[in-house]
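# Chains, contacts and geometry: an overview
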Protein chains: 2
Amino acid sequence: MFTKLERIKRDIEELAKFNSTPGEGLTRFSLTDADRGARNYLKSELSKLNLKVYEDAAGNIFGRMDGKDKKAPSILIGSHFDSVKNGGNFDGPAGVVMALEIMRVLRERNVVTKYPIEFVAMIEEEGGRFGSGVFGSRAMTGKVTYAQLLNNKDSEGISMAEAFEKFGFDPREIKKAQRRPEDVKAFIELHIEQGPILESEKKDIGLVEFIVGINEFEVTVKGRPDHAGTTPMNMRKDALVAASQLVSNIEHFATEAGNGTVATVGTLNVFPGAANIVPGKVTFTVDIRSKKKSCIEKVRKQIESKLIEIQEKLGLSWDIKDMLLVDPVEMSHEIMDIFEETAEKLGFSYKKMISGAGHDAMVMTSITDTGLVFVPSKNGRSHCPEEWTDYEDLQRGIELIYHTVVKLGEVE
Amino acid sequence: MFTKLERIKRDIEELAKFNSTPGEGLTRFSLTDADRGARNYLKSELSKLNLKVYEDAAGNIFGRMDGKDKKAPSILIGSHFDSVKNGGNFDGPAGVVMALEIMRVLRERNVVTKYPIEFVAMIEEEGGRFGSGVFGSRAMTGKVTYAQLLNNKDSEGISMAEAFEKFGFDPREIKKAQRRPEDVKAFIELHIEQGPILESEKKDIGLVEFIVGINEFEVTVKGRPDHAGTTPMNMRKDALVAASQLVSNIEHFATEAGNGTVATVGTLNVFPGAANIVPGKVTFTVDIRSKKKSCIEKVRKQIESKLIEIQEKLGLSWDIKDMLLVDPVEMSHEIMDIFEETAEKLGFSYKKMISGAGHDAMVMTSITDTGLVFVPSKNGRSHCPEEWTDYEDLQRGIELIYHTVVKLGEVE
């Protein structure tokens with residue numbers, strides 16, 4: 001193989017050091033000290049390769065290798081370098097390290113392509129800090145405005161605009177991060193599977209055909225706070241009991257919709273939140289995903305029906321605030337063909353599959369041909385300290401993309 | 001009447017000014033600036049009456065009027081002056097103002113009793129800051145140790161011992177707050193009902209016969225955190241779905257136990273707590289109350305059975321940590337007789353009742369004869385900004401206790 005296992009391992013381990021919760025998994029929120037550390041590491045490695053290193057107005061990091069044709073559109077390769085709270089070392093960095101290793105091999109082998117090739121490491125894909133995910137790719141596709149930067153706030157009330165300014169970026173320039181479709185030839189991402197399928201079916205590589213659609217929203221249920229000792233059970237309007245009736249049914253709704261539809265309540269907050277007060281208000285998030293838009297809509301409708309039932313039965317009121325609504329998308333057939341052909345040639349076993357997670361690749365389909373490669377996740381785990389991908393598996397994914405990039409880039 | 005409506009109203013309104021959340025109800029946590037303000041107001045008012053004003057090692061405030069018999073045990077009157085988060089003006093202060101007004105009338109009328117009479121305003125009854133309620137009375141009955149002060153921490157990790165020290169009290173002296181049974185003749189508390197019964201039955205006053213027992217504990221349910229998009233529904237160990245199955249059944253358990261038993265889940269926290277992560281851990285509190293110990297035990301057992309069922313069905317583990325376990329208690333028959341006789345004489349309508357809330361009176365029964373008077377709560381509301389008691393109702397409660405104290409105190 002052209003790629004080097006020890007370099008891949010070292011990159012993953014070095015990036016894992018930039019972490020705000022050592023000993024409790026990896027936490028690297030955007031525009032923090034941990035972000036700064038990882039950013040400097042990546043820029044330093046890219047600089048060693050004599051690439052044009054720059055950051056766009058959204059804080060995404062690039063390392064550009066010019067093509068023979070100076071005006072040709074770029075092939076972008078990479079993923080995100082932020083993480084969830086208390087996550088692992090691979091979700092995001094695996095794809096960033098893929099791009100870094102490929103740039104190294106291109107330089108080592110003095111490969112010259114017609115099309116420019118750009119390393120990209122994107123920020124805030126998880127939405128861990130500011131609550132609004134796939135941020136870096138949304139900025140690159142022109143979907144982020146300055147007004148949104150003022151509105152998106154972290155748990156301490158700091159807006160993204162403030163955070164950008166403090167970090168040295170001008171948030172008013174955010175639109176400059178936009179890439180035009182005519183300037184981009186393709187985007188290829190590598191990501192850990194974050195599920196158990198490749199491991200259980202003993203496949204080296206997953207080739208993604210579709211990425212699921214997502215509807216994420218916040219539900220507020222309002223009852224009435226009362227004293228927990230003096231209010232008879234039949235005179236209460238307990239917002240948590242009401243919310244629990246919905247949460248305990250959510251598995252059923254998703255299973256019933258079929259087509260691998262999943263639904264999750266991942267956060268839930270109780271107000272006022274004291275052991276001796278009947279909950280007066282509860283807010284919780286719902287995340288529904290499916291490869292079929294109609295299945296997402298079906299689960300959403302069942303949740304709304306359940307809320308109406310709770311309202312009528314218990315006299316509570318409710319409200320829904322949409323946070324994310326993304327349609328399912330399809331990856332490029334052309335890139336898929338090159339992936340398959342290359343995998344056959346290299347002798348890697350692969351499976352064509354559906355991605356259950358949203359990725360920057362999903363957003364990038366709006367401006368360019370996109371490919372997404374999965375590598376196996378040990379025990380299907382992710383977003384936790386136990387998240388793991390064997391370096392040999394990661395290397396196979398990188399090797400596959402290397403050959404694909406060389407093919408797409410057109411070496412004369 | 002001997003008591004004065006305008007003084008009662010002024011005291012309530014003045015105390016309500018010492019509040020860390022103006023505009024969002026009254027929040028007066030122990031050993032804070034709001035505590036200091038209320039404390040200074042009370043000490044200043046007591047000083048005007050030429051009483052012996054002092055604070056014990058637990059931070060409870062006293063104003064003592066000596067009796068003719070210098071060695072006779074004291075009659076203590078009062079309640080607590082802390083509040084829940086975003087609560088109202090009456091829960092606690094109503095009984096503190098009762099004691100203050102009675103001391104004023106005793107002085108005005110130059111009443112001299114055989115037994116000393118002591119005003120008492122107790123701290124941290126709600127456990128709002130340090131999580132462990134009826135603190136002032138537990139310290140007075142010798143139930144608090146220095147080790148506990150080191151252990152009880154607020155949400156910022158400040159221990160009660162640190163907070164005491166910063167406030168000017170020596171936490172190592174906590175045992176000095178203990179009152180011996182032979183030094184206390186009686187304790188009489190006035191409190192708002194915090195329930196709808198007196199108002200709906202149009203009674204002036206509630207005379208409490210029993211205070212319910214309480215079992216408060218924290219349940220932890222441990223599942224496995226997974227990615228919300230890539231983990232099929234049937235491969236999850238979702239701690240929140242499991243907890244919801246319990247919470248949605250808790251009303252049913254309490255109703256089934258009968259005898260006015262109530263059960264409440266007032267707090268619930270989800271870990272790691274992100275919209276796109278299947279909850280790996282949930283902690284929540286359960287508060288069970290009943291006048292019958294056996295009913296509390298029955299609900300507790302049903303909760304444990306449900307947890308075992310969840311463990312077997314979903315493969316999650318769980319754990320219970322006890323926070324509060326108090327048996328139901330009975331108030332003094334002698335004091336009840338004086339209350340009834342006095343109410344008849346004054347022409348106040350009254351109802352003998354059960355208290356569904358824990359009170360300092362409950363704890364004080366372990367060292368002395370105890371009486372507890374309820375005054376009506378508007379719409380039964382409490383622990384919220386809307387908490388209200390008409391001043392005329394409060395005055396009737398105070399007047400009743402004034403006559404009871406004079407009788408118990410033995411004027412020659």
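Residues numbered from 1 in each chain as written. Chains lettered and ligands numbered in written order. Predicted model: local features only at pLDDT ≥ 70, side-chain atom pairs only at ≥ 80, totals over all residues. Heavy atoms only, no water.

Along chain A, the regular secondary structure elements total 13 helices and 16 strands. For 412 residues, the compact-globule formula gives about 22 Å, and the C-alpha radius of gyration of chain A, at 23 Å, lands near that figure. Seen along its three principal axes, the alpha-carbon backbone of chain A occupies a region of about 80 × 45 × 40 Å. Within chain A, the fraction of its 412 residues that count as buried is 61%. Look at the contacts in chain A between residues 6 or more apart in sequence, and 78% of them connect residues 24 or more apart. (Helix = DSSP H or I, 4+ residues; strand = E, 2+ residues; numbered from the N terminus. Rg over C-alpha atoms; globule rule 2.2 N^0.38 Å. Buried < 20%, exposed > 50% of the residue type's maximum accessible area, 1.4 Å probe, protein only. Contact = heavy atoms within 4.5 Å.)

Core analysis: the biggest nonpolar cluster contains 72 residues, and Leu42(A), Ile77(A) and Phe119(A) have the highest contact counts within it. Here the element with the most residues in this core is helix α3 (residues 93-108) of chain A; it accounts for 10 residues. Setting aside residues up to four positions removed in sequence, Leu42(A) forms contacts with Leu15(A), Ile61(A), Phe81(A), Val96(A), Leu100(A), Phe119(A) and Ala121(A). Of all hydrophobic cores here, the second largest spans 71 residues; its members include Ala72(B), Ala99(B), Ala161(B) and Tyr402(B). (Core = buried A, V, L, I, M, F, W, Y, C linked by side-chain atoms within 4.5 Å.)

Position of Gly273(A) among the secondary structure elements: in the loop between β10 (268-271) and β11 (277-278). By relative accessible area, Gly273(A) is classed as partly exposed at 35%. Remark: the alpha-carbon pair of Gly273(A) and Pro225(A), spanning 48 residues in sequence, is separated by 9.7 Å. With sequence-adjacent residues up to four places away left out, Gly273(A) is seen in contact with Gly266(B) and Thr267(B).

Next up on the list: the domain arrangement of chain A. Residues and elements named next belong to chain A. By the assigned domains, chain A splits into domain 1 (5-212 + 328-409) and domain 2 (213-326). Summarising the inter-unit geometry, the C-alpha centres of domain 1 and domain 2 are found 34 Å apart. The interface formed by domain 1 and domain 2 includes 1 residue pair in polar contact (both at pLDDT 80 or more). A per-class count over the side of domain 1 that touches domain 2 returns 6 nonpolar, 2 polar and no charged. (Domains from an automatic or database assignment. Polar contact = N/O pair within 3.5 Å; in protein donor to acceptor, adjacent residues only side chain to side chain. Nonpolar A, V, L, I, M, F, W, Y, C, P; charged D, E, K, R; others polar.)

Here we take up helix α9 (residues 250-257) of chain B. Owing to its 3.6 residues per turn, the α-helix aligns residues three or four sequence positions apart on the same side. Residue and element names in this part refer to chain B. Every buried residue belonging to α9 is among Ile250, Phe253, Ala254 and Ala257, and all of these are buried. Here the buried residues of α9 occupy an arc of 95° about the axis, which is enough to place them on one side. Count one or two residues on from α9 and you reach Gly258, which has phi positive near 70°. (Arc of directions from axis to C-beta.)

So, about the relation of the copies chain A and chain B. Rotating chain A by 179° and translating it 0.1 Å along the rotation axis places it on chain B, where the RMSD comes to 0.1 Å. The relationship between the two copies is best expressed as a two-fold rotation axis. Residue Ser244(A), judged by its C-alpha, is the member of chain A lying nearest the rotation axis, at 2.2 Å. Here 98% of the contact residues of chain A are again contact residues in chain B; the copies associate through an equivalent surface. (Least-squares fit on C-alpha atoms with pLDDT ≥ 70 in both.)

With that settled, consider the side chain of Thr261(A). With respect to the element layout, Thr261(A) can be found in the loop between α9 (250-257) and β9 (262-264). Judged by its relative accessible area of 4%, Thr261(A) is buried. Among the polar contacts made by the side chain of Thr261(A), one reaches the side chain of Ser290(A) at a distance of 3.0 Å. Contacts of Thr261(A), omitting those with residues within four sequence positions, involve Ala254(A), Ile288(A), Arg289(A), Ser290(A), Cys295(A), Val299(A) and Met233(B).

Residue and element names in this part refer to chain A. At a minimum axis separation of 10 Å, helix α1 (residues 5-15) and α3 run at an interaxial angle of 135°. In terms of their interaxial angle, α1 and α3 are classed as oblique. The handedness of the crossing between α1 and α3 is right-handed. In contact with Arg7, Ile8, Arg10, Asp11, Ile12 and Leu15 of α1, α3 contributes Pro93, Ala94, Val97, Leu100, Glu101, Arg104, Val105 and Glu108. Per-class residue counts for the contact of α1 with α3 are 8 nonpolar, no polar and 6 charged. (Axes fitted to C-alpha atoms, helices over the stretch in contact; angles between N-to-C directions. Parallel < 35°, antiparallel > 145°, perpendicular 65-115°, else oblique. Left-handed = near helix turned anticlockwise from the far one by under 90°.)

Residue and element names in this part refer to chain B. Between helix α2 (residues 33-48) and helix α3 (residues 93-108), the shortest axis-to-axis distance is 10 Å and the interhelical angle comes to 15°. Compared by their axis directions, α2 and α3 come out roughly parallel. Along this stretch, α2 crosses α3, giving a crossing that reads as left-handed. Listed contacts from α3 to Leu42, Glu45 and Leu46 of α2 are Val96, Leu100 and Arg104.

Cis geometry is found at the peptide bond from Phe271(A) to Pro272(A), where omega equals 0°. Assignment of secondary structure puts Pro272(A) in the loop between β10 and β11. One non-glycine residue, His383(A), lies in positive phi territory at about 55°. Residue position: His383(A) is located in the loop between β16 (369-375) and α13 (391-409). On the basis of relative accessibility, which here comes to 2%, the residue His383(A) falls in the buried class. A positive phi angle, near 55°, is found at Asn379(B), a position not held by glycine.

Before going further, it helps to spend a moment on the interface of chain A and chain B. At the junction of the two partners, chain A supplies 55 residues and chain B supplies 54 residues. Carbon and sulfur atoms make up 60% of the surface buried where chain A meets chain B, a total of about 4600 Å² over both sides. There are 2 salt bridges connecting chain A and chain B. Across the salt bridge formed by Arg381(B) and Asp226(A), the nearest N and O atoms sit 3.4 Å from each other. Linking chain A to chain B there are 12 residue pairs in polar contact (both at pLDDT 80 or more). Of all the elements in the fold, those that place two or more residues in the side of chain A that touches chain B are β8 (226-227), α8 (239-247), α9, β9, β10, β11 and β12 (281-290) of chain A. Per element, the largest residue contribution to the side of chain A that touches chain B is 5 residues, and it comes from α8(A). Looking at the side of chain A that touches chain B, its residues break down into 24 nonpolar, 20 polar and 11 charged. (Buried area = accessible area lost by both parts, 1.4 Å probe. Salt bridge = Lys/Arg side-chain N within 4 Å of Asp/Glu carboxyl O.)

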